[in-house]
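So the chains spell out like this:
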Amino acid sequence: YKGLELKIRAYNETPLNDKKIKLYEAGECYEDQNKYYKIVKSLNLEKRIILDFEFKNTADIQKIFSASDIVAQTYHKATQSGITPLAYHYQKPLLVSDIEGLKAPIILDQTGLIVKKESKSIAGGICEILDKKNHKWITYLSATSVYGDHKGKWVNEKSDVSPTSLNGINRLNVEKSWMSLANYK
């Protein structure tokens with residue numbers, strides 16, 4: 001029901017088959033695991049696909065989501081998924097099947113991509129999300145040191161910047177670099 005066979009087959013489809021992108025599929029499998037291992041082997045994808053069907057505790061989940069670039073839910077049917085709020089929490093873009101239970105939040109807030117339940121569409125969607133031009137946000141946490149000494153007065157993002165420390169100068173330079181990438185005005 002989770003469409004894992006579609007996700008595996010997607011790694012053998014253009015344009016994903018030429019990319020150096022790996023799939024790490026984690027979590028308990030409530031059906032015959034061997035059928036998935038057989039698909040991976042038949043497509044010669046053992047070096048690109050890791051199937052880890054063990055139970056994952058909270059610490060494991062944190063590591064997996066932190067290391068991931070995308071969350072792909074290629075389900076055949078679902079009314080909802082507990083994975084979706086985790087993807088939101090870790091600010092990971094979602095790729096979901098075109099089924100009502102999964103696509104509703106994506107349509108509402110544009111946090112991912114909806115694809116057909118077919119491996120070629122999934123392959124294209126994964127590549128599209130991972131294309132840097134499609135990232136919707138970049139987060140950089142700066143510090144008040146970019147504002148310099150304002151003699152105890154309040155500062156905010158509209159205050160003049162005049163860093164006095166090396167750390168403040170370096171952070172301001174990084175901010176300017178990030179803003180130029182986004183054509184920030």
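Described in the following lines is the structure provided in the data block. (Residues numbered from 1 in each chain as written. Predicted model: local features only at pLDDT ≥ 70, side-chain atom pairs only at ≥ 80, totals over all residues. Heavy atoms only, no water.)

Section: the overall build of the chain
To be explicit about the condition: Helix and strand definitions follow DSSP, with helices as H or I runs of at least four residues and strands as E runs of at least two, each counted in order from the N terminus. Burial here depends on accessible area, computed with a 1.4 Å probe over protein chains only, as a share of the maximum for the residue type. Under 20% is buried, over 50% is exposed, and the range in between is partly exposed. The contact criterion used throughout is that any non-hydrogen atoms of two residues lie within 4.5 Å.
Across its full length, the chain holds seven helices and five strands. Listed by position from the N terminus, the elements making up the chain come as α-β-α-β-α-β-α-β-α-β-α-α. Relative to its 185 residues, the chain shows a buried fraction of 34%. Of all intrachain contacts in the chain linking residues separated by at least 6 positions in sequence, the fraction that spans at least 24 positions is 53%.

Digging into helix α5 (residues 100-109)
Going by this rule: Picture the helix axis, draw a direction to every C-beta atom, and the arc is the one those directions span.
Residues of α5 that are buried: L102, K103 and I106. Buried residues of α5, viewed axially, fall in a sector of 80°; they line one side. Residues E100 and L108 are exposed on α5 and point more than 90 degrees away from its buried face. At its buried positions, α5 is contacted by β3 (71-73), α4 (83-89), β4 (94-97) and β5 (112-115). A positive phi of about 55° marks Q110, the residue just after α5.

Remarks on unusual backbone geometry
Cis rather than trans, the peptide bond between T14 and P15 has omega equal to 5°. Within the secondary structure, P15 sits in the loop between α1 (4-10) and β1 (23-26). Although it is not a glycine, Q91 sits at a positive phi angle of roughly 55°. If you trace the backbone, Q91 turns up in the loop between α4 and β4. Judged by its relative accessible area of 48%, Q91 is partly exposed. Even without being a glycine, Q110 presents a positive backbone phi close to 55°.

Notes on the sheet that holds β3
The following threshold applies: In this analysis, strands are considered paired if DSSP registers two or more bridges between them. In this analysis an axis means a line fitted to C-alpha atoms, helices contributing only their contacting stretch, and an angle means the value between N-to-C directions, from 0 to 180 degrees.
With parallel pairing, three strands are arranged side by side in an open sheet as β3-β4-β5. Each of the sheet's edge strands pairs with one partner strand only, and the pair in question is β3 and β5. Going across the sheet, the axis of each strand differs from the next one's by a mean of 15°, ignoring polarity. For β4 and β5, the ladder comprises four bridges, and the chain directions are parallel. By the bridge assignment, L94 is partnered in β5 with G112.

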